[in-house]
Amino acid sequence: MASNTGGGAKRRPRRTPHELTVKQVQRPVPRVVRVTLGGESLAGFDQPSPGGHIKAAFGWEGERPTMRTYTPRRFDPEQLELDIEFVLHGDGVASQWAASAEVGDRLTIFGPGGRYKPQARSGVFVVVVDETAMPAAGTVIESLPAGTRIIAICEVEDPSDERPLSQTVEVAPRWLHRSTHHGEPSALLSTAVAELPPEIDADWFVACEATAVRAVRRHLLEDRGVDPERVQTRGYWRRGQSDYPDHDYGED
Ligand SMILES: Cc1cc2nc3c(=O)[nH]c(=O)nc-3n(C[C@H](O)[C@H](O)[C@H](O)COP(=O)(O)OP(=O)(O)OC[C@H]3O[C@@H](n4cnc5c(N)ncnc54)[C@H](O)[C@@H]3O)c2cc1C
């Protein structure tokens, strides 16, 4: 099967720990906490790739740290600051840590990982994401050439979760609200993709719940005949499964 790296090889996060301190906590919308982390150890942090990730450690399970995967939304190598946007989905060590995060708290991270190089071969790029992948979608669209036509479909709980994908790239997403449909997570995304005009000639970034991402990938490859090289699909979490892996490309 063709690779689903969209032109880049997969990169494992570096094992060097970065011991960081919370410098700022913001709530851009009620269900998202944006944490700005800082610390001298960010001097050795590489600029993350679009859609890249870090591993954050939340305590220990025996001899292994309890790790979760997040998107480095903004890295400022001069100020040595890193922003991470946590969705408050409820039960989960990371979600709960973010819900009570305060200035001065400590967090150890590893990374960054990922080598995705988004391309807009025909000048059109489609992002299809839930709220966990909105930070990644922001980094992806900010990496595209100016003038790229961006089509964005975002699934969130309700209208209070709507927020810009980027401060620098103007895009008007189509918002889908789970609260009005009560279906499986990310199922609205599959339906909305199927409703897009068949003639769209685009590159795609699709990231959401792992079962739904497979449905979208199948639709793109089998029904629309999209070249797999033009499709980056990522399962970011799976319903009922804690500690979901960071390398689910939705290909199985
Ligand atoms: C490459 C990559 C980048 C990611 N970037 C981000 C990011 O920037 N921001 C972000 O918020 N998340 C991001 N995620 C998703 C995040 O890693 C998962 O949501 C993770 O499960 C959260 O850890 P937790 O400790 O809160 O919950 P866990 O302990 O992992 O899970 C506990 C329970 O919560 C459920 N659950 C997990 N996530 C959700 C959710 N979103 N909605 C509903 N139920 C859920 C699980 O199915 C499980 O039943 C990313 C994932 C990947 C692979």
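Preceding this paragraph is the structure being described.
Structure report, in brief. (Residues numbered from 1 in each chain as written. Predicted model: local features only at pLDDT ≥ 70, side-chain atom pairs only at ≥ 80, totals over all residues. Heavy atoms only, no water.)

### What about the overall build of the protein chain?
Operational definition: Starting at the N terminus, helices and strands are each numbered in turn, a helix being any DSSP run of H or I of at least four residues and a strand any DSSP run of E of at least two. Every radius of gyration here is taken over C-alpha atoms, with the globule rule written as 2.2 Å times N^0.38, N being the number of residues. Should any heavy atoms of two residues lie within 4.5 Å, those residues are counted as being in contact. For every accessible area listed, the method is Shrake-Rupley and the probe measures 1.4 Å; residues are considered covered only by the protein chains on display.
When helices and strands are tallied, the protein chain shows four helices and 12 strands. Taken against the 2.2 N^0.38 rule, which gives 18 Å for 252 residues, the C-alpha radius of gyration of the protein chain at 17 Å falls within 12% of a compact globule. In terms of overall dimensions, the protein chain has C-alpha extents of about 50 × 35 × 35 Å along its principal axes. Sequence separation of 24 or more characterises 68% of the internal contacts of the protein chain that already satisfy a separation of 6 or more. When the accessible surface of the protein chain is totalled, it reaches about 11,900 Å², and 48% of it is carbon and sulfur.

### Describing the side chain of Asp 246
For the record, the criterion: Within 3.5 Å is the distance limit for a polar contact, defined as a pair of N or O atoms, with the added protein rule that one can donate a hydrogen and the other accept it, and that residues adjacent in sequence qualify only through two side-chain atoms.
Tracing the sequence through the fold places Asp 246 in the segment after strand E12 (231-237). At 3.0 Å, the side chain of Asp 246 and the side chain of Lys 55 are in polar contact.

### Topic: the site of the ligand
To be explicit about the condition: Residue proximity to a molecule or strand is established when one non-hydrogen atom of the residue lies within 4 Å of it. When residue character is reported, Ala, Val, Leu, Ile, Met, Phe, Trp, Tyr, Cys and Pro are called nonpolar, Asp, Glu, Lys and Arg charged, and the others, Gly included, polar. Where a domain begins and ends is set by an automatic assignment or by a domain database.
Lining the immediate surroundings of the ligand are 27 residues, of which Arg 68, Thr 69, His 89, Arg 238 and Ser 242 lie closest. The contact in question runs from an oxygen atom of the ligand to an N or O atom on the side chain of His 89, over 2.7 Å. Taking Val 93, its main chain carries an N or O atom lying 3.0 Å from an oxygen atom of the ligand. For the shell around the ligand, the elements supplying multiple residues, two or more each, are strand E4 (64-70), strand E6 (81-87), helix H1 (93-99) and E12. Of the residues belonging to the shell around the ligand, the class tally is nine nonpolar, 10 polar and eight charged. Shared between two domains, the shell around the ligand takes at least three residues from each, and those domains are domain 1 (17-113) and domain 2 (124-237).

### Quick word on the packing of helix H3 (residues 187-194) against helix H4 (residues 210-223)
What counts, and what does not: Helix axes use the C-alpha atoms of the stretch in contact, all axes being lines fitted to C-alpha atoms, and the angles between their N-to-C directions lie in the range 0 to 180 degrees. Relative orientations are named as follows: roughly parallel for angles under 35 degrees, roughly antiparallel for angles over 145 degrees, roughly perpendicular for angles from 65 to 115 degrees, and oblique for any other angle. For a crossing to be left-handed, the near helix must be turned anticlockwise from the far one by less than a right angle; the clockwise case is right-handed.
Packing of H3 against H4 brings their axes to within 8 Å, and their N-to-C directions diverge by 15°. It follows that H3 is roughly parallel to H4 by the angle criterion. Seen along the crossing, H3 lies across H4 with a hand that is right-handed. Two secondary-structure elements touch here, H3 through Ala 187, Ser 190, Val 193 and Ala 194 and H4 through Ala 212, Ala 215, Val 216, His 219 and Leu 220. When grouped by side-chain class, the residues that make up the contact of H3 with H4 number seven nonpolar, two polar and no charged.

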